[in-house]
Amino acid sequence: MFFNLKKRIMCKALVKRNLQKPFDYLSAENFSLEGEKDPLVNNSYYFSAHDEHLSLFARLGRRVNVEETWFALYLDGKLYSLKQEFFPQGGSPLLVEKADNDSWALSFTGKLNEADEICFHAKFIATQKPVDFTTNMPAERMAKGIANEKWTKAFFDELQNVSGQCHYEQEGILEGQLTLNGKTIAFHLPCVRDHSFGKRDWNYMNNHLWLMAVSPSCQFNYSLVSYPVMTALEVGHFRDEAGMHYLLQADLDFQQLHTGKIPEELTFQVQLDNGKTLQVHAKVITGVSYHFQDGQYILHENIAEFQLDGKTCRGILEIGYNKNSQRFFNQRDLSSIVR
């Protein structure tokens, strides 16, 4: 009874907030760190593009003191990845620049693995509207996460630690060419770009999971994160020929995410706001591990094969764990979390 009352109160408050503070796409696209001094403030650009032959992902996480940098591709059964994770501010070999409306230019020149040379140039061109993880998601998703916690003044004060970041993604096409060890390959791939900015303290996270699949006919997202202030927040969406649909509920077994390890496979169902039940299966192919804040948080970025209602496509199975395993899901009884 108290849970449902708390959920209704929060739903009403969140709907009101979203109406008063709608997502400002143009402002978000032009965010910069100019004048910023706090090293915990992040401006992160991520691109993930896939077909049955080639998968690649790239991330540039700008901070005032460092640039977190990922670049990896999976081609002909082999993984090529940048080994260095951090570069001084302005020193990353990955360049990400806004080209014009709804498009971004990416380039990377350097060494992958130990001795593989690559020169990469591409342009992301949006094909769908952006999806904002605050204002586009059904209010009940955040409301349930908040209603699962004990309400105190201290709780609502700490909640500000997770409510100050803007996070959105957009589906499009990544086209360009790469030259790997002297061989040039042109590509035209379905792609998802992710932009987030604001305070991001990796060590504040307990654990998280992000599943993303993309193909010309559909795009899927499932996101789960656990914080000290909120044990479980689940959101997601699915785009097909009929349009965009948002996650209302998922039955993914949280026990599989409580091990500190990378799950080889995940199978679950997602209930969408159009009444559809989506069958999801994800299987890891290969991946790269990244280490944040002196190893306090470890993130595993995995290329994965997906089955979405029987349709095969590729994407990402990203999972991360705090170094302190006692923090996973706040050591809550997972069966007590109302989802």
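Residues numbered from 1 in each chain as written. Predicted model: local features only at pLDDT ≥ 70, side-chain atom pairs only at ≥ 80, totals over all residues. Heavy atoms only, no water.

(A) Just the sheet that holds strand β14 (residues 233-240), in detail. Read once around its circumference, the closed barrel built from 8 strands follows the order β12-β13-β14-β15-β16-β17-β18-β19, with strand pairing classed as antiparallel. Across this sheet, the average inter-strand angle for adjacent strands is 30 degrees, counted without regard to direction. Of the strand pairs in this sheet, strand β12 (residues 207-214) and strand β13 (residues 219-226) are connected by 8 bridges, and their pairing is antiparallel. Across the sheet, residue W210 finds its bridge partner in β13, namely S223. (Pairing = 2+ DSSP bridges. Helix = DSSP H or I, 4+ residues; strand = E, 2+ residues; numbered from the N terminus. Axes fitted to C-alpha atoms, helices over the stretch in contact; angles between N-to-C directions.)

(B) How the structure looks around the pattern of salt bridges. This structure, assessed with the given rule, holds 13 salt bridges. Notably, a salt bridge pairs E140 with K144, separated by 3.8 Å at the nearest N-O pair. Placement of both E140 and K144 in helix α3 (residues 139-147) is noted, with a separation of 4 residues, approximately one turn of the helix. Taking the relative accessible area as the measure of exposure, E140 reaches 26% and is therefore partly exposed. Among the residues examined, K144 registers a relative accessible area of 9% and is labelled buried. Notably, a salt bridge pairs R141 with E234, separated by 3.6 Å at the nearest N-O pair. Linking R141 in helix α3 with E234 in strand β14, this pair joins segments that are 93 residues apart in sequence. In terms of burial, R141 and E234 fall into one category: buried. Residues joined by salt bridges that share partners form a network here, namely E29, K98 and R193. (Salt bridge = Lys/Arg side-chain N within 4 Å of Asp/Glu carboxyl O. Buried < 20%, exposed > 50% of the residue type's maximum accessible area, 1.4 Å probe, protein only.)

(C) Geometry of the packing of aromatic side chains. In this structure the tally under the stated criterion is 22 aromatic pairs. Aromatic side chains F86 and F292 sit 6.3 Å apart centroid to centroid with 80 degrees between the ring planes, which places their arrangement in the edge-to-face category. Of the two residues, F86 sits in strand β5 (residues 86-87) while F292 sits in strand β17 (residues 277-292), which places them 206 residues apart along the sequence. Among the residues examined, F86 registers a relative accessible area of 33% and is labelled partly exposed. (Phe/Tyr/Trp six-rings, centres within 6.5 Å; stacked < 30°, edge-to-face > 60°.)

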